[in-house]
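# Working through the structure, step by step
This is what each chain is made of:
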Amino acid sequence: MQLNTSDKNLSTFCTISGLCAEGQSILASLAPALEEHLPEVTDTFYTLLQADAQTAPYLVGRIDALKQTHLAWMRDIIGGVYDAAFIARQEKIGEVHVKVHVPPHFVAASMSLLRAELPLLVERVEPDPDRAGHAIKSLMQVLDLCHYLIDRKYSETLMDNLGISPALLTRLQTLR
Amino acid sequence: MRTAMLKNILSELKASSADIDASAITTTDGLVLASQLPLCVDSRFATLLSLGVQSAQSAARGSLEQVLIKSKEGLIMLSHASADTVLAVLAKPHAQLDHIGVKVKHAAENVAHILATHAHRH
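Residues numbered from 1 in each chain as written. Chains lettered and ligands numbered in written order. Predicted model: local features only at pLDDT ≥ 70, side-chain atom pairs only at ≥ 80, totals over all residues. Heavy atoms only, no water.

## So, the overall build of chain B
Operational definition: Runs of E in the DSSP output that reach at least two residues are strands. Runs of H or I that reach at least four are helices, and both are numbered from the N terminus. C-alpha atoms define the radius of gyration in this analysis, and the globule rule sets the expected value at 2.2 Å times the number of residues to the power 0.38.
Per the secondary structure count, chain B includes three helices and five strands. Listed N to C, the secondary structure of chain B is α-β-β-α-β-β-β-α in terms of helices and strands. Computed over C-alpha atoms, the radius of gyration of chain B comes to 14 Å, within 12% of the 14 Å expected from 2.2 N^0.38 for 122 residues, which places it in the range of a compact globule. Based on the C-alpha atoms only, the size of chain B along its principal axes is roughly 35 × 35 × 25 Å.

Next up, the structure:
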């Protein structure tokens, strides 16, 4: 991963999660085959969102546009390029979610679905169990990275809107 | 030296009115610069002032001058001493707000002057 080393928290996340170039490379090599099946995942996801009373109102009148955005985001995830621009795109999602009032549990739920569905897709397109295993491992790590970046930016944006700086938040968290 | 000067301002403020119980100076990040209060309340005051600033702006009320909390046991008056410092004052429940307000404003100006002339790395 092409990390901005000045971001200590992100650096720690990547070190501990064990993101490695080999797995990313295998994942990227499977991207063309996986892409064919991504619309199925998006359709499944939005069918579930439409069926839920909390999420359904967010989709009214814009489901096709949202599906395209989701599809583009998943292509990005399997693309194998996880640079500063990739990080910025994930952070933008967290920022937008504050603006449009998409709460973190929606993101957690959608990530959970992807962690369940995407490994099955990898196994469908990669017959070699060893390569599939490496690709799935990387995919899960990238999903976790995205989840972290989206939630982190969501929290930062929310606090910024309230006028609470990171230093003040830290002091509040350690109050007794 | 700067801390001693800030503490002195707080002592003078308390002595200036029988209605003033205690006061504190923090940064807007909640770092205590000088205080006569229990430690635990200081960063909450900074938070309240930040919320006051955002609320005043979003309600088109202009820049914040003061946040006043009125409780059964007394008053809490929060204001900026400078752009990035908070002056918090605890007063008696039936304190004369105008009178205290003048004293607090004077103390805030003194704090701002000390902070401007005695730069200090937190």
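There is more to say, and it comes next.
## Considerations on the sheet that holds strand S2 (residues 32-35) of chain B
Residues and elements named next belong to chain B. Selection rule: When DSSP locates at least two bridges between a pair of strands, those strands are taken to pair. Orientation is described by axes fitted as lines to C-alpha atoms, over the contacting stretch for helices, and by angles from 0 to 180 degrees between their N-to-C directions. Note on definitions: a residue-residue contact is assigned when non-hydrogen atoms from the two residues lie within 4.5 Å.
Read across the open sheet, the five strands follow the order S2-S1-S5-S4-S3; overall the sheet is antiparallel. Each edge of the sheet is formed by a strand with only one pairing partner; in this case those strands are S2 and strand S3 (67-71). Taking each pair of neighbouring strands and ignoring which way they run, the sheet shows an average axis angle of 15°. Along the sheet face, helix H1 (residues 2-16) touches strand S1 (20-27), S2 and strand S5 (85-91) and points at about 150° away from the line of S1. In the packing of helix H2 (residues 42-58) onto the sheet, contacts are made with S1, S2, S3, strand S4 (74-82) and S5, and the angle to S4 comes to roughly 70°.

## Observations regarding unusual backbone geometry
Basically, it comes down to this: Think of it in three bands: residues with accessible area under 20% of the maximum for their type are buried, residues over 50% are exposed, and the middle band is partly exposed, with areas taken using a 1.4 Å probe on protein chains only.
The phi dihedral of His 101 of chain A is positive, around 60°, even though this residue is not glycine. One can find His 101 of chain A in the loop between helix H5 (84-99) and helix H6 (104-125). Of the residues examined, His 101 of chain A reaches a relative accessible area of 60% and is grouped as exposed. The phi dihedral of Ala 60 of chain B falls on the positive side, at around 55°, and the residue is not glycine. Topologically, Ala 60 of chain B is positioned in the loop between H2 and S3. For Ala 60 of chain B, a relative accessible area of 59% corresponds to the exposed category.

## So, the layout of surface pockets
All names here are of chain A. Short version of the rule: Throughout, the protein atoms alone are placed on a 1 Å grid, and a set of points is a cavity if a 1.4 Å probe fits but cannot get out or a pocket if it is open with protein on both sides within 12 Å along at least five of seven lines; lining residues have an atom within 4 Å of a point. Grid points are joined across faces, edges and corners, and a volume is the space filled by probe spheres set on the points. Polar here means any residue outside two lists: the nonpolar Ala, Val, Leu, Ile, Met, Phe, Trp, Tyr, Cys and Pro, and the charged Asp, Glu, Lys and Arg; Gly therefore counts as polar.
Put simply, the largest pocket is a space of about 660 Å³. Forming the boundary of the largest pocket are 25 residues, of which Tyr 46, Leu 66, Thr 69, Ile 93 and His 97 lie nearest the centre. Broken down by secondary-structure element, the contributors of at least two residues to the lining of the largest pocket are helix H3 (38-51), helix H4 (63-78), H5 and H6. The biggest single contributor to the lining of the largest pocket is H5, with six residues. When the residues that make up the lining of the largest pocket are grouped by side-chain class, the tally is 15 nonpolar, six polar and four charged.

## Remarks on H3 of chain A
All names here are of chain A. Rule in force here: Here a helix's expected span is defined as the number of its residues, less one, multiplied by 1.5 Å. Our arc is simply the arc of the directions from the helix axis toward the C-beta atoms.
For H3, which comprises 14 residues, the first-to-last C-alpha distance of 20 Å matches the rise-based estimate of 20 Å (1.5 Å per residue) to within 8%. All of the buried residues in H3 are Leu 38, Val 41, Thr 42, Phe 45, Tyr 46 and Leu 49. The buried residues of H3 occupy one face: seen down the axis, they fall within an arc of 125°. The exposed residues of H3 that point more than 90 degrees off its buried face are Thr 47 and Ala 51.

## Let's talk about the confidence of the model for chain B
Residues and elements named next belong to chain B. Heads up, the rule is: As a per-residue measure, pLDDT reflects the predictor's confidence and takes values from 0 up to 100.
Summarising the model, chain B shows a mean pLDDT of 90, and 95% of its residues fall at 70 or more. Within chain B, the lowest mean pLDDT, 87, falls on H2, and the highest, 95, falls on H1. Predicted complex, confidence summary: ipTM 0.73, pTM 0.78.

## Structural notes on the pairing of S5 of chain B
The side chains of a regular strand alternate between both faces of the sheet. All names here are of chain B. The buried count for S5 comes to six of seven residues, which makes it a mostly enclosed element. Pairing between S1 and S5: seven bridges, direction antiparallel. For Thr 27, the partnering residue across the bridge sits in S5 and is Thr 85. Pairing between S4 and S5: seven bridges, direction antiparallel. Bridged to Ser 79 within S5 is Leu 87. The turn linking S4 back onto S5 is made up of two residues.

## Quick notes on the interface of chain B and chain A
Applicable threshold: As used here, buried area is the combined drop in accessible area, with a 1.4 Å probe, of two parts when they are placed together. By salt bridge we mean one thing: a side-chain nitrogen of Lys or Arg within 4 Å of a carboxyl oxygen of Asp or Glu. Within 3.5 Å is the distance limit for a polar contact, defined as a pair of N or O atoms, with the added protein rule that one can donate a hydrogen and the other accept it, and that residues adjacent in sequence qualify only through two side-chain atoms.
Every contact between the two is made by 12 residues of chain B and, on the other side, 11 residues of chain A. Both sides of the chain B and chain A interface together cover about 950 Å² of buried area, and 58% of this is carbon and sulfur. On the surface where chain B and chain A come into contact, there are zero salt bridges. Our count for the contact surface shared by chain B and chain A stands at three residue pairs in polar contact (both at pLDDT 80 or more).

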